[in-house]
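Understanding the architecture of this molecule
Read off the chains here:
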Amino acid sequence: MTVGVLALQGDVREHLVMLRGVGVAVREVRLPRHLDDVDRLIIPGGESTTIGKLLGIYHLIEPIRQRVAAGMPIWGTCAGAILLAKTIADGRSDQPTLGLMDVTARRNAFGSQLESFEVDLAIDGIVAGTHRAVFIRAPLLEQPGADVAVRARLADGAIVAAQQGHILATCFHPELTDDDRVHRYFLTL
Amino acid sequence: MDKSTWTTKVGLAQMLKGGVIMDVVTPEQARIAEEAGAVAVMALERVPADIRAQGGVARMSDPELIARIKESVTIPVMAKARIGHFVEAQVIESLGIDYIDESEVLTPADEEFHINKHAFRIPFVCGCRNLGEALRRMAEGAAMVRTKGEAGTGNVVEAVRHARAVLGEIRRLQAMDPNELFNAAKVLQAPYELVRHVAETGRLPVVNFAAGGIATPADAALMMQIGVDGVFVGSGIFKSGDPARRARAIVEATTHYNDPYIIAEVSKGLGEAMVGINIDTIPAGQLMAGRGW
């Protein structure tokens, strides 16, 4: 199995290191032809406006949509979660999105970098106990559709992880921790 | 819930990797930068080329300008404080922006001490010319480093020199016997624990960007191939003939830094680059990279 990491911008290396650590082959994806070699795809953290722009310029949006429609598992962390959402709130009006998960992503939902935080988080059906979740200028997920399973909420009830079949979205960054359980879970989808 | 931890400070810089951070002096320029795909903007009153041309004491920008630029974009906003001027840093932190650059581009406020960056909730990026300088800044709490290069020149030679110095010194540490690392720390004038960490991992513990003199897509890709994590472009964009196009071209070249066909494509017909300055024509007292220690 080869796992692709979308390498347009962001914390690509951290995902690659985590994936190599659990023993799978990896491939950086920058152009549509690179998708041919991968069985799964991770969209890393980064700036969703930048990644979205480059997805558009390099004609990656339709090929990724088609692969996911044909069953390819996909996971977005933070900016990646924003790009998976059907609707983006508080973004730029022209911001491109893959629109794969029936959910609204609210960008920078906590405010500036001074509001970035870490918290011990239960992730339903994905990790036993808790995961030390790292939120950096993070989004929140809202208005999940009927097919969307909420996987994690903050203490105030805000949704920070969700899954729709083989599509997984987390508002936090497991790749910045030493805990590879979310990566291992993604490989089972 | 723990806010402003070391992980979140370094983590924001991780999210900027593979991207371009652009100097802007107005909200309008900030929107052009965001539209072109910048991962963050540096809010300034004057770009380094103008600071260099106009002379005088360069200080923190007007807080009102920084706040207006912050309101105009959704991407992270950075602002510069003078080296050692911890009150400018306090003021910038109070504005709720995302990163402070303790920068040699401004006139230093303290010729002995840099800011104790551990004392702040906001993360800092600092310039460096070599590994020892990078590690000293980290010891003071910098969560990100960048080469100093020579800002406002449009000449990439100093950024290349500084990136090669940092990365070459890392490779030399990796080849050392553990017993030699104590002396290496002494020679580098850097804390032993950081020196050992770099020797063991072959990397800096924080993100390392290039800055100072990057003016073209090929310059950005050169720095990426040399081994930095991303680039700052200061005067190079808004001092050029067609800023929006050049900005987008530099963003694309930074992503596809290993693909000369794409770099060629995005470099076509970009219009005039900023007029560059040869480093050896700058009087020694006007070099910015020598500020900080």
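Reference entry: report on the structure contained in this document. Remember, it's a predicted structure, so these values are computed and weren't measured experimentally.

1. A short note on the overall build of chain B
Each helix and strand in chain B was counted, giving 13 helices and nine strands. The globule rule puts the C-alpha radius of gyration for 293 residues at 19 Å, and the 18 Å found for chain B is close to it. The C-alpha extent of chain B, read off along each of the three principal axes, is 55 × 45 × 45 Å. Looking at chain B as a whole, 61% of its 293 residues qualify as buried. Contacts in chain B between residues far apart in sequence, at least 24 positions, make up 67% of those at least 6 positions apart.

2. A look at the overall build of chain A
In terms of helices and strands, chain A carries five helices and 12 strands. In terms of overall dimensions, chain A is globule-like: its C-alpha atoms have a radius of gyration of 15 Å, near the 16 Å expected for 189 residues. If you line up chain A on its principal axes, its C-alpha atoms span 45 × 40 × 35 Å. Expressed as a percentage of its 189 residues, the buried residues of chain A come to 63%. A total of about 6,600 Å² of accessible surface is found on chain A, and carbon and sulfur atoms cover 46% of it. Counting 19 positive and 22 negative side-chain charges, chain A places the averaged centre of each group 4 Å from the other.

3. Quick word on the packing of helix H10 (residues 217-226) of chain B against helix H12 (residues 243-255) of chain B
Residues and elements named next belong to chain B. The N-to-C vectors of H10 and H12 enclose an angle of 25°; their axes lie 8 Å apart at closest approach. Between H10 and H12, the angle is such that the two are roughly parallel. Relative to H12, the crossing made by H10 is right-handed. Note on element contacts: H12 touches H10 through Arg246, Ala249, Ile250, Ala253 and Thr254, opposite Pro217, Ala220, Ala221 and Met224. Residues of the contact of H10 with H12, tallied by class, amount to seven nonpolar, one polar and one charged.

4. Some thoughts on the sheet that holds strand S1 (residues 2-3) of chain B
Taken in spatial order, the three strands make up an open sheet running S8(A)-S7(A)-S1(B), and their pairing is antiparallel. Every other strand in the sheet has two partners, leaving strand S8 (131-135) of chain A together with S1 of chain B as the edge strands with one partner each. Taken together, the two bridges between strand S7 (residues 117-121) of chain A and S1(B) define a ladder with antiparallel strand orientation. The residue of S1(B) that forms the bridge with A:Phe117 is B:Lys3.

5. Looking at the pattern of salt bridges
Working definition: two side chains of opposite charge can pair if their charged atoms are close together. Within this structure, the stated rule accounts for 34 salt bridges over all chains. A salt bridge links B:Glu133 to B:Arg129, with the shortest nitrogen-to-oxygen separation between them at 2.9 Å. For B:Glu133, a relative accessible area of 0% translates into the label buried. Because the salt bridges share partners, they merge into one network encompassing A:Glu118, A:Asp120, A:Arg132 and B:Asp2.

6. Structural notes on the packing of aromatic side chains
Residues and elements named next belong to chain A. Following the criterion strictly, the structure yields eight aromatic pairs over all chains and no others. These aromatic residues form a ring-pair network of at least three members: Phe110, Phe117, Phe135 and Phe172. It is Arg40 that lies over the ring of Phe186; its NZ or CZ is 5.8 Å from the centre.

7. Some words on the interface of chain B and chain A
Residue-level contacts link 44 residues of chain B with 40 residues of chain A. Regarding the contact of chain B and chain A, the summed buried area is about 3,300 Å², with carbon and sulfur atoms giving 54% of it. Looking at the side of chain B facing chain A, the largest losses of area belong to B:Met15, B:Glu35 and B:Thr74, adding up to 20% of the total buried there. Taken together, the links from chain B to chain A amount to five salt bridges. Of the charged contacts, one joins A:Glu14 and B:Lys17 as a salt bridge, the two residues approaching to 2.8 Å between their closest N and O atoms. Between chain B and chain A we count 23 residue pairs in polar contact (both at pLDDT 80 or more) in total. Listing elements by their share of the side of chain B that touches chain A, those giving two or more residues are S1, helix H1 (6-16), helix H2 (27-36), H12 and helix H13 (260-267) of chain B. By residue number, the principal contributor to the side of chain B that touches chain A is H1(B), which donates eight residues.

8. So, unusual backbone geometry
All names here are of chain A. Residue His59 is not a glycine yet carries a positive backbone phi of 55°. Classification of His59 as exposed rests on a relative accessible area of 61%. For Asn108, which is not glycine, the phi torsion reads 45° and is therefore positive. Structurally, Asn108 can be placed in the loop between strand S6 (101-106) and S7.

9. Some remarks on the side chain of B:Glu150
Residue and element names in this part refer to chain B. Mapped onto the fold, Glu150 is located in the loop between strand S7 (144-147) and helix H7 (157-174). In this structure the side chain of Glu150 is engaged in a polar contact, spanning 2.6 Å, whose partner is the side chain of Arg52. Looking at Glu150, its side chain comes within polar contact range of the main-chain nitrogen of Met288, at 2.6 Å. Once residues lying within four places of it in the same chain are set aside, the contact partners of Glu150 are Arg52, Glu158, Gly212, Gly213, Ile279, Ile282, Gln286, Leu287, Met288 and Ala289.

10. Points about the environment of A:Asp39
For A:Asp39, the position within the fold is in the loop between strand S2 (25-29) and strand S3 (40-43). Along the sequence, A:Asp39 and A:Glu62 sit 23 residues apart, while their C-alpha atoms lie 17 Å from each other.

Parameters and conventions
- Residues numbered from 1 in each chain as written.
- Chains lettered and ligands numbered in written order.
- Predicted model: local features only at pLDDT ≥ 70, side-chain atom pairs only at ≥ 80, totals over all residues.
- Heavy atoms only, no water.
- Helix = DSSP H or I, 4+ residues; strand = E, 2+ residues; numbered from the N terminus.
- Rg over C-alpha atoms; globule rule 2.2 N^0.38 Å.
- Buried < 20%, exposed > 50% of the residue type's maximum accessible area, 1.4 Å probe, protein only.
- Contact = heavy atoms within 4.5 Å.
- Areas by Shrake-Rupley, 256 points an atom, 1.4 Å probe, with all protein chains shown as cover.
- Lys, Arg positive; Asp, Glu negative; His and termini not counted.
- Charge placed at Lys NZ, Arg CZ, Asp CG, Glu CD.
- Axes fitted to C-alpha atoms, helices over the stretch in contact; angles between N-to-C directions.
- Parallel < 35°, antiparallel > 145°, perpendicular 65-115°, else oblique.
- Left-handed = near helix turned anticlockwise from the far one by under 90°.
- Nonpolar A, V, L, I, M, F, W, Y, C, P; charged D, E, K, R; others polar.
- Pairing = 2+ DSSP bridges.
- Salt bridge = Lys/Arg side-chain N within 4 Å of Asp/Glu carboxyl O.
- Phe/Tyr/Trp six-rings, centres within 6.5 Å; stacked < 30°, edge-to-face > 60°.
- Lys NZ or Arg CZ within 6 Å of the ring centre and 35° of its normal.
- Buried area = accessible area lost by both parts, 1.4 Å probe.
- Polar contact = N/O pair within 3.5 Å; in protein donor to acceptor, adjacent residues only side chain to side chain.

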